[in-house]
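# Summary of the model geometry
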Amino acid sequence: MKNNQKMPRSELPEWLNLQCKAKDMGHLHLRDLANDQERHRALTVKVGPFFLDISKQKLDVDALKKLISLAEAVELPNAIKSLIGGDIVNNTEGRPALHSALRLPVDAKLIINGEDVVPEVHQSLARIRQIVERVHSRQWRGFSGRAITDVVNIGVGGSDLGPFMACQALNEFVPTEASQLKIHFVSSIDGTQVSDLLGTLKPETTLFIVSSKSFTTIDTLSNAHTAMQWMLKSVGDKSLILAHHFIGVSTQPQKMAAWGIPENNQVLFWEWVGGRFSLWSGIGLPIALKIGMANFEAMLAGAHFIDNEFSQKPLAENLPVLLGLIGVWNATFLDIRAHSVLPYDGRLKFFPSYLSQLEMESNGKSVDKQGNRLNYSTCPVLWGEVGPNAQHAFYQLLHQGTQPVSCDFIAPIKRYTGTIYSKEAEKSLQVQHQLALANCLAQSRVLMLGDASTDSDENTPNFKRYQGNQPSTTLLLDELSPFTLGGLVALYEHKVFVMSVIWDINPFDQWGVELGKKIADKMTNALANGEGIAGFDASTCGLLDLVRQAERSVS
Ligand code: F6P
């Protein structure tokens, strides 16, 4: 086994077995598998509030066994232990990836470099709780003495997408004490969001959270600068503004201090939390402000529940492992290079964009952990939308296009229990939810079977035919709650890790993105004062000239 580990993945006997299996199965249509009455029993797992159904995937029990053999050959169980135990799994940056430590209960212990990290995690949670209580009890006041009514999270990537997604998903879980508080998100560097938003806010009752793991991201710092300039127009005293209107969340206290954030307004987290895995840390402050601390803790508990499943369950019953193995099977062995995430619940509208960072920034890699180029496909292109809306938009391509696409259908089984509207309105909403579920099940069935699910025959023209054969997973939640959302996110975090272990890549760095930041710096100088233009290619020079000329003619 040890020798196997040094061997490139694609030379492992278990890998080669899977290639043969994929060749055999590749000739089949999903409808050839659909009539096996055993599939639903054999290819589904229920764990707590989660029900995972992979019976519409193009694989059989034998293929699944072979995938599990590959997972064993690459020592996935040890890799899981290393991740959760705090070993250095991020090899290019020399650090652990301890998002699971952020949801450990207070009486747990996790020793890293001789120190238990659990007490500091809970100190940070206590700090979040303190801020939430002050804002909710209207004791956090602006420069004029009035209570805060609006909170603006300024961040980007992992410092935006997770909290934004969770705040949208859990809008129904706002406690009474937070019902008057509005939470806003600003991320984009071009200023559209911040300029639109500032026009609707009052400086004296607005609190900004500047969220940035590195506290160097220009997108975030430029939005924060604009916010500060806007505040300064109302009150000239910068230290008053900083004390009452800016919180910083970062791993970099000195950089926050250099920007002006007073120590009392700093929420710290740690280098060992990856940006796209950070919503459980201080980066989750907007979530806690939105849904209250008890609900935020329920999210952490849901994620911890999945952490336990991940670290304790055998591979064949392990939800994140199964999700990850299916992902590898589709992307690498069946060569399906596009993956769509389709929640049948409007509250999860931003879950696909959150996942596109989580999966593509983590596993969009082409070099293994030893630095060798890979000779197999890794992360597919991932996108998605609320399923029923996507049916009226891009499903056409899923049904009749030329691209193989794998899909994840996600839906809560129960919804609209105890809504505050009239009995009739509640009933109507429940019917709407049932319609959504019916559409969800109908779409996964048609994508699997194609024409075989309709009454078409040999006289049906080609333009009315559906090829089907698009594999999908269905993930049902009992209901959407802080606990199940926490679990859902952790499920995908660990799915990403499983895939990275099979592919032998580091999911915790993002060197591809770093390059963009450097190039943008040079370009900013070139645009501002022409510096270094001569060194650029002809296409870029042409565009720079055009923009600079236009700017000159305006000024
Ligand atoms: O540019 C990519 C990235 O580094 C992401 O990985 C990260 O989530 C985002 O930028 C924001 O970084 P920071 O939290 O340091 O501002």
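Residues numbered from 1 in each chain as written. Predicted model: local features only at pLDDT ≥ 70, side-chain atom pairs only at ≥ 80, totals over all residues. Heavy atoms only, no water.

## A short note on the sheet that holds strand β11 (residues 381-384)
For clarity, the threshold we go by: Being paired, for any two strands, means DSSP has found at least two bridges between them. The numbering of helices and of strands both runs from the N terminus, where a helix is a DSSP run of H or I of at least 4 residues and a strand a run of E of at least 2. Axis definition: a line fit to C-alpha positions, over the contact stretch in the case of helices; interaxial angles, taken between N-to-C directions, run 0 to 180 degrees. Whether two residues touch is decided by their heavy atoms; if any such pair falls within 4.5 Å, the residues are in contact.
The strand order across the open sheet built from six strands is β1-β2-β13-β12-β10-β11, with neighbouring strands paired in mixed fashion. Pairing within the sheet leaves two strands with one partner each, and these edge strands are β1 (44-47) and β11. Taken over all neighbouring pairs, the strand axes of this sheet differ in orientation by 15° on average, direction set aside. Most of the contacts of helix α15 (residues 351-363) go to β11, to which it runs at about 170°, and overall it touches β10 (338-343), β11 and β12 (406-412).

## A word on the site of the ligand
Put simply, the rule reads: Only a single heavy atom is needed: when it lies within 4 Å of a molecule or strand, its residue is near that molecule or strand. Counting of polar contacts relies on pairs of N or O atoms within 3.5 Å, with two restrictions inside protein: one atom must be capable of donating a hydrogen and the other of accepting it, and residues adjacent in sequence are counted only when both atoms are side-chain atoms. Surface accessibility in these figures is a Shrake-Rupley result with a 1.4 Å probe; residues are shielded only by whichever protein chains are displayed. Here a cavity means grid points, on a 1 Å grid over the protein atoms only, where a 1.4 Å probe fits yet cannot get out; a pocket means an open set of points with protein on both sides within 12 Å along at least five of seven lines; lining residues are those with an atom within 4 Å of a point. The way we define it, a molecule is inside a pocket or cavity when more than half of its atoms are within 2 Å of that pocket's grid points. Residues are grouped as follows: nonpolar covers Ala, Val, Leu, Ile, Met, Phe, Trp, Tyr, Cys and Pro; charged covers Asp, Glu, Lys and Arg; every other residue, Gly included, is treated as polar.
In the neighbourhood of the ligand, 14 residues make up the surrounding shell, with G158, S159, S212, S214 and T217 lying closest. Here an oxygen atom of the ligand and a side-chain polar atom of S214 are 2.6 Å apart. Considered on its own, the ligand offers 400 Å² of accessible surface; in the complex 89% of this is hidden by protein. For the ligand, the cavity whose grid points lie within 2 Å of the majority of its atoms is the largest pocket. Among the residues forming the shell around the ligand, the class breakdown is two nonpolar, eight polar and four charged.

## Description of the environment of T474
Structurally, the position occupied by T474 is in strand β13 (residues 472-477). Separated by 132 residues in the primary sequence, T474 and L342 place their C-alpha atoms 9.6 Å from one another. Ignoring any residue separated from it by four or fewer positions in sequence, one finds T474 in contact with F51, L52, D53, F409 and S444.

## Brief notes about the packing of helix α13 (residues 285-312) against helix α19 (residues 482-503)
Let me state the cut-off plainly: Working rule for angles: under 35 degrees goes down as roughly parallel, over 145 as roughly antiparallel, 65 to 115 as roughly perpendicular, anything else as oblique. Handedness of each helix crossing follows the sense of rotation of the near helix against the far helix: counterclockwise by less than a right angle gives left-handed, clockwise gives right-handed.
Axis separation between α13 and α19 bottoms out at 7 Å; the angle between their running directions is 40°. One element, α13, and the other, α19, form an angle in the oblique class. The hand of the α13/α19 crossing is right-handed. For the pair α13 and α19, contact is made by N295, A298, M299, A301, G302, A303, F305, I306, D307 and F310 and by P482, F483, L485, G486, G487, A490, L491, H494, F497 and V498, respectively. In the contact of α13 with α19, the residues fall into 14 nonpolar, five polar and one charged.

## What to know about the sheet that holds strand β5 (residues 150-154)
Ordered by their spatial adjacency, five strands build an open sheet running β6-β5-β7-β8-β9, and the pairing between neighbours is parallel. Unpaired on one side and paired on the other, β6 (182-186) and β9 (266-268) mark the two borders of the sheet. Between one strand axis and the next, the sheet turns by 20° as a mean value, whatever way the strands run. Relative to the sheet, helix α11 (residues 238-245) contacts β7 (206-211) and β8 (246-250), its axis offset from that of β8 by approximately 60°.

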